[in-house]
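# Coordinate inspection notes
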Amino acid sequence: MITNQLAINDKVMFSTGNIMSINDITKKPSQNSTEELIDAIKYTLKEYTKNGSDKEQTADGYKLISRADDVQVKIQENEVGDLKIGIKVFLTKGGNQPLKEALETALQKQLNVKNVADVIVSLKRNSPDNLDEIKETWRAMEDYVGRHVVGELGIADIEESTFRNLYEWAAVKPSIIQINLATCCVVPPTLQAFCKEKDIKLFTHSDSSDILPDQSIEEIFGTPLDLEWAIRFTVHIKCRGVLTTKGYCLCISPKQD
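These numbers were taken from a predicted model, which means no experiment stands behind them.

## Remarks on the overall build of the protein chain
Within the protein chain, the regular secondary structure consists of 9 helices and 10 strands. The globule rule puts the C-alpha radius of gyration for 257 residues at 18 Å, and the 18 Å found for the protein chain is close to it. With the C-alpha coordinates aligned to their principal axes, the bounding extent of the protein chain is approximately 55 × 45 × 35 Å. When burial is assessed residue by residue, the protein chain has 50% of its 257 residues classed as buried. A separation threshold of at least 6 residues defines the contact pool for the protein chain, and within that pool the share at least 24 residues apart is 73%. When the accessible surface of the protein chain is split by element, carbon and sulfur atoms take 46% of a total near 12,700 Å². A gap of 3 Å separates the mean positions of the 31 positive and 38 negative side-chain charges of the protein chain.

See the structure below:
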């Protein structure tokens, strides 16, 4: 069983590489993000098993399971200024450590770039928005903007009142907000007006904040595990709007009692 080979008794990080080079995934354009991520993980595990079980170690000593792919080659085919690299972070808890770990993994281990155009954060919640928790995560994101690693910041699936409070409080204002039409069939006119007034990009999306449910994790790995975070990265050629690269990084760990 794959879990025995991986010996998941500590954090394990996965990098799917460029899933646009995987025919089994590109032939399913109607997949939602959860289905796409599940297929990408399975493909990465299949290739990992096929090529042997030597595990690359990250700088922090965690296992990094990845596959040979063309992400960095695709990026190097164009001038950096001609590319728009975006990242969406799916967090299962607030705080700055999970966010930093997620971004550093994507930037250094997968993309190998010094900066990206934007980062959008999605916090999984089973309760109303916790503004203090959101602020703690936002502070960490602002640090990346201050160091010119990230250009713009955005947030997904947040109540309008919470978003307004975050906007007024933040040193680096959110310039992007994503609304899931599955939970909000019509974007509130007041939010539309606020975004227009503040020049905020208002997008709709279909990603679940619970991008990899517990049941799916157990089906993939054969044992209960926790998803600590997941990242989706995309690379577009600006002048043509062409998506050249897309993939995921994620971190799983033994389930806590």
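## Here's the deal with unusual backbone geometry
Positive phi outside glycine occurs at asparagine 112, with the angle close to 55 degrees. Structurally, asparagine 112 is set in the loop between α5 (96-111) and β5 (116-123). Its relative accessible area of 49% is what places asparagine 112 among the partly exposed residues. One non-glycine residue, aspartate 157, lies in positive phi territory at about 55 degrees.

## Looking at the packing of α5 against helix α6 (residues 131-146)
It is the contact of α5 with α6, at a shortest axis distance of 8 Å, that shows an interaxial angle of 35 degrees. Note on packing geometry: the crossing formed by α5 with α6 is right-handed. For the pair α5 and α6, the contacting residues are Asn96, Leu99, Lys100, Leu103, Glu104 and Leu107 in the first and Glu136, Thr137, Ala140, Met141 and Tyr144 in the second. Classifying every residue of the contact of α5 with α6 by side-chain character gives 6 nonpolar, 2 polar and 3 charged.

## Things to note about the pattern of salt bridges
Counted under the stated rule, the structure contains 13 salt bridges. For lysine 88, the salt bridge identified is with aspartate 207, shortest N-O distance 3.0 Å. You can see lysine 88 sitting in strand β4 (residues 83-91) and its partner aspartate 207 sitting in the loop between β8 (201-205) and α9 (214-221), a full 119 residues away along the chain. Overall, lysine 88 belongs to the buried group, its relative accessible area being 4%. In this structure, glutamate 152 and lysine 201 form a salt bridge, with 2.8 Å as the shortest nitrogen-oxygen distance. Within this pair, whereas glutamate 152 is found in strand β6 (residues 150-156), its partner lysine 201 is found in strand β8, the two being separated by 49 residues in sequence.

## Some details on the packing of helix α7 (residues 160-169) against helix α8 (residues 189-198)
The contact between α7 and α8 brings their axes to 11 Å, and the two run at 20 degrees. What the angle tells us is that α7 and α8 run roughly parallel. Taken as a pair, α7 and α8 cross one another with a handedness that is left-handed. Contact with α7, carried on its side by Glu160, Phe163, Arg164, Tyr167 and Glu168, involves Thr190, Leu191, Phe194 and Lys198 of α8 and no other residues of that element.

## As for the nonpolar core
In this structure, Ile87, Val89, Leu103, Leu111 and Val116 are the most contacted members of the largest nonpolar core, which totals 50 residues. For leucine 111, the residues in contact, after removing those within four places along its chain, are Val71, Gln72, Ile75, Ile85, Ile87, Ala106, Val116 and Phe233. Grouped together as the second largest cluster of nonpolar side chains are 25 residues, Leu37, Ala40, Tyr48 and Ile211 included.

What counts, and at which threshold
Residues numbered from 1 in each chain as written. Predicted model: local features only at pLDDT ≥ 70, side-chain atom pairs only at ≥ 80, totals over all residues. Heavy atoms only, no water. Helix = DSSP H or I, 4+ residues; strand = E, 2+ residues; numbered from the N terminus. Rg over C-alpha atoms; globule rule 2.2 N^0.38 Å. Buried < 20%, exposed > 50% of the residue type's maximum accessible area, 1.4 Å probe, protein only. Contact = heavy atoms within 4.5 Å. Areas by Shrake-Rupley, 256 points an atom, 1.4 Å probe, with all protein chains shown as cover. Lys, Arg positive; Asp, Glu negative; His and termini not counted. Charge placed at Lys NZ, Arg CZ, Asp CG, Glu CD. Axes fitted to C-alpha atoms, helices over the stretch in contact; angles between N-to-C directions. Left-handed = near helix turned anticlockwise from the far one by under 90°. Nonpolar A, V, L, I, M, F, W, Y, C, P; charged D, E, K, R; others polar. Salt bridge = Lys/Arg side-chain N within 4 Å of Asp/Glu carboxyl O. Parallel < 35°, antiparallel > 145°, perpendicular 65-115°, else oblique. Core = buried A, V, L, I, M, F, W, Y, C linked by side-chain atoms within 4.5 Å.

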